[in-house]
Amino acid sequence: MEVTARAPGKIILAGEHAVVHGYTAVASSIDLYTVFSIRLRSDDDTVKLKLNDIGLDFSWSVRRIKEVLSHLGSPFSSTPTSCSLETIKSLATLVDEQSFPETKIGLASGVYAFLWLYTSILGFKPATVTVSSELPVGAGLGSSAAYCVSLSAALLALSDSVKLDVSQKGWSMFNESEAELVNKWAFEGEKIIHGKPSGVDNSVSTFGNVIKFKSGVMTRVNSNMPLRMLITNTKVGRDTKALVANVSARKSRHPDAMCSVLNAIEAISDEWSTIIQSHAVDDLYLSANEEKLRELMEMNQGLLLSIGVSHASIENVLQTSMKYKLASKLTGAGGGGCVLTLLPTHISGEVIDKLVEELGSFGFQSFTAGIGGKGVQISFDHSS
Ligand SMILES: Nc1ncnc2c1ncn2[C@@H]1O[C@H](COP(=O)(O)OP(=O)(O)O)[C@@H](O)[C@H]1O
Ligand SMILES: C[C@@](O)(CCOP(=O)(O)O)CC(=O)O
Ligand SMILES: [Mg+2]
């Protein structure tokens, strides 16, 4: 039997970075998924990991994994546990032995997260594990969270911790307490990749839809507004962990100024959630709300620039969309990656095409994605 789990990426509508410091963010799932498939093996004693998006394959013998992690005793745990620094070092040994290419070393933390979640949830069972994603990796659309959520979901489906109906056909959902367990394990994985994640990305990937998130607490937001965003990938590589650390360093250098900025970002998130929950009584009301969101995006972006997470490529997208009277803001950690441009309902397809073409002339790639769909899902294939 093969177990497959898929988890969506996300856009942060308002409040990235601020949310790491306990201020509110509003985020939505998007219909681009990361998919993990796991097939347990009985023919040999290896754990094989195929990372299709980055073209890397790994193979560890169970004996070697046991040997390297022997200081942990038995890593099986029914409750989500954090990976210690000492254990990360041991996991790095396992990865180094497979001669990880120097040019892709930034991706190694994802493999550490894999090894931690795998051995913690499933123990030392041989298997073939494959991951592939529709999300750009490291571009602000929450690929790290979708990776950790789909991996945790597939592992838990094979463990004794959750009891799923494996005879179900097609995609099925976890119940609330199972989803909560998936989310908690995924957060432990995100910690390995991000250092200090807020938890907003794994929560929206697990539960889907639109959420408000503050100090580790998620609230579901009932969006009643048709939201359309153009997502532009600047293709400038960046690393969430480094950007989050830079913001924290700036906060300790300028605590009062940063506190004011983060408070202002929180006010923007709160207003976002109020606006999208309101019911438009007519077209006039809808365009007035769209205009408010446009201004909130402009303000949020200005504040993100002030905390040091914008980038020349992001500013280029802002300037270009401004020519079409459209507002944009970075999404995720910034420093490159993806930018959101709000597409109001009245805008014509022709204008969008022209904007996409102009953005394309800089080497950027723009696309739209469905906003606010389901969270993590699981499916079982008995044919193999
Ligand atoms: N499909 C994938 N295959 C391998 N690693 C992945 C994949 N998706 C995410 N990752 C891991 O997540 C990291 C990117 O996370 P991050 O810097 O937070 O960017 P984002 O979450 O915005 O895409 C990568 O360096 C890698 O370790
Ligand atoms: C910057 C931050 O708010 C979002 C990071 O998103 P991403 O990994 O860049 O997709 C960090 C966090 O909330 O953990
Ligand atoms: Mg991430």
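Predicted, not measured: the structure shown is a model, and the values here were computed from it.

Counting its regular elements, the chain contains 11 helices and 12 strands. For the chain, the C-alpha radius of gyration of 21 Å lies close to 21 Å, the compact-globule estimate for 384 residues. Along the three orthogonal principal directions, the C-alpha set of the chain runs to about 65 × 50 × 40 Å. Taking all 384 residues of the chain together, the buried fraction comes to 55%. Contacts in the chain between residues far apart in sequence, at least 24 positions, make up 77% of those at least 6 positions apart. Entry remark: accessible area of the chain is about 15,900 Å², with carbon and sulfur atoms responsible for 53%. Mean positive and mean negative side-chain charge positions of the chain (34 and 39 charges, respectively) differ by 3 Å.

On to the site of ligand 1, then. In the neighbourhood of ligand 1, 21 residues make up the surrounding shell, with Gly138, Gly140, Ser143, His194 and Thr240 lying closest. Between ligand 1 and aspartate 53, the relevant distance is 2.9 Å, taken from a nitrogen atom to a side-chain nitrogen or oxygen of the residue. Within the contact set of ligand 1, an oxygen atom lies 3.3 Å away from a backbone nitrogen or oxygen of leucine 107. For ligand 1, the accessible surface in isolation is 560 Å², of which the surrounding protein chains cover 95%. Elements with a contribution of two residues or more to the shell around ligand 1: α3 (108–121), α4 (143–158) and α5 (176–194). Per-element accounting of the shell around ligand 1 gives the leading share, 3 residues, to α4.

Pairing is antiparallel in the open sheet, where 4 strands are placed in the order β9-β10-β8-β11. Edge positions in the sheet fall to β9 (328–330) and β11 (365–368), since each has one partner strand and no second. Shown here is a sheet whose adjacent strand axes are inclined to one another by a mean of 25°, direction ignored. In this structure, strand β8 (residues 229–233) lies alongside β11, joined through 4 bridges in antiparallel fashion.

Attention now moves to the coordination of the magnesium ion (ligand 3). In an ideal tetrahedron of four donors about a metal, each angle is 109.5 degrees. In an ideal octahedron of six donors, the angles are 90 or 180 degrees. Coordination of the magnesium ion (ligand 3) by the protein comes from Ser144 (OG) and His194 (NE2), over a distance range of 2.1 to 2.4 Å. Residue serine 144 is located in helix α4, and its partner histidine 194 is located in helix α5; the two are separated by 50 residues in the primary sequence. Summarising the burial analysis for this pair, serine 144 and histidine 194 share the class buried.

Here the structure, examined in full by the defined rule, presents 15 salt bridges. When the shortest N-O distance is used, the salt bridge between lysine 212 and aspartate 270 registers 3.4 Å. Here lysine 212 is found in strand β6 (residues 210–214), whereas its partner aspartate 270 is found in helix α8 (residues 255–277), with 58 residues between them in sequence. When its relative accessible area of 24% is taken as the criterion, lysine 212 is described as partly exposed. Across the salt bridge formed by lysine 323 and glutamate 358, the nearest N and O atoms sit 2.4 Å from each other. Placement of the pair is lysine 323 in the loop between α10 (312–322) and β9 and glutamate 358 in helix α11 (residues 349–360), with a sequence separation of 35 residues.

Okay, the site of ligand 2 next. Taken together, 19 residues lie near ligand 2, and Lys10, Gly142, Ser198, Arg238 and Ala333 sit nearest. Here an oxygen atom of ligand 2 sits 2.6 Å away from a polar atom, N or O, in the side chain of serine 198. A distance of 2.9 Å separates an oxygen atom of ligand 2 from a polar backbone atom of alanine 333. Out of a free accessible area of 380 Å², ligand 2 has 98% covered by protein chains. When contributions to the shell around ligand 2 are tallied by element, the ones reaching two or more residues are β1 (2–14), α6 (200–207) and α7 (240–253). Here the residues of the shell around ligand 2 sort into 8 nonpolar, 7 polar and 4 charged.

Another aspect to go through is the pairing of β6. Side-chain positions along a regular strand alternate between the two faces of the sheet. The pairing of strand β2 (residues 25–40) with β6 spans 4 bridges and is antiparallel. Across the sheet, valine 26 pairs through a bridge with lysine 212, a residue of β6. Pairing analysis gives 5 bridges linking β6 to strand β7 (residues 217–221), with the strands arranged antiparallel. For lysine 212, the partnering residue across the bridge sits in β7 and is threonine 219. Connecting the antiparallel pair β6 and β7 is a turn made up of 2 residues, with serine 215 showing a positive phi of about 45°.

Compared with an ideal rise of 1.5 Å per residue, which puts 16 residues at 22 Å, α4 spans 23 Å between its outermost C-alpha atoms and is within 8% of the ideal. Extensive coverage of α4 is indicated by the burial of 16 of its 16 residues.

Moving on to the packing of α8 against helix α9 (residues 283–306). It is at 10 Å that the axes of α8 and α9 come closest, and there the two elements cross at 160°. When the interaxial angle is binned, α8 and α9 end up roughly antiparallel. Judged by the twist between their axes, the crossing of α8 over α9 is left-handed. Contact residues: α8 offers Val261, Ala264, Ile265, Ile268, Glu271, Trp272, Ile275 and Ile276, while α9 offers Asn289, Lys292, Leu293, Leu296, Met297, Met299, Asn300, Leu303 and Ser306. Broken down by class, the residue content of the contact of α8 with α9 amounts to 12 nonpolar, 3 polar and 2 charged.

The residues that UniProt annotates with the feature "domain: GHMP kinase C-terminal" (unreviewed entry) are residues 291–353. Within residues 291–353, the helical portion is 51% and the strand portion 13%, while the C-alpha atoms at the span's ends are 21 Å from each other.

What counts, and at which threshold
- Residues numbered from 1 in each chain as written.
- Chains lettered and ligands numbered in written order.
- Predicted model: local features only at pLDDT ≥ 70, side-chain atom pairs only at ≥ 80, totals over all residues.
- Heavy atoms only, no water.
- Helix = DSSP H or I, 4+ residues; strand = E, 2+ residues; numbered from the N terminus.
- Rg over C-alpha atoms; globule rule 2.2 N^0.38 Å.
- Buried < 20%, exposed > 50% of the residue type's maximum accessible area, 1.4 Å probe, protein only.
- Contact = heavy atoms within 4.5 Å.
- Areas by Shrake-Rupley, 256 points an atom, 1.4 Å probe, with all protein chains shown as cover.
- Lys, Arg positive; Asp, Glu negative; His and termini not counted.
- Charge placed at Lys NZ, Arg CZ, Asp CG, Glu CD.
- Near = heavy atom within 4 Å.
- Polar contact = N/O pair within 3.5 Å; in protein donor to acceptor, adjacent residues only side chain to side chain.
- Pairing = 2+ DSSP bridges.
- Axes fitted to C-alpha atoms, helices over the stretch in contact; angles between N-to-C directions.
- Donors = N, O, S within 2.8 Å, 3.2 Å for Na, K, Ca; no water.
- Salt bridge = Lys/Arg side-chain N within 4 Å of Asp/Glu carboxyl O.
- Nonpolar A, V, L, I, M, F, W, Y, C, P; charged D, E, K, R; others polar.
- Expected span 1.5 Å × (residues − 1).
- Parallel < 35°, antiparallel > 145°, perpendicular 65-115°, else oblique.
- Left-handed = near helix turned anticlockwise from the far one by under 90°.
- UniProt positions renumbered as here; feature names shortened; annotations may be inferred.

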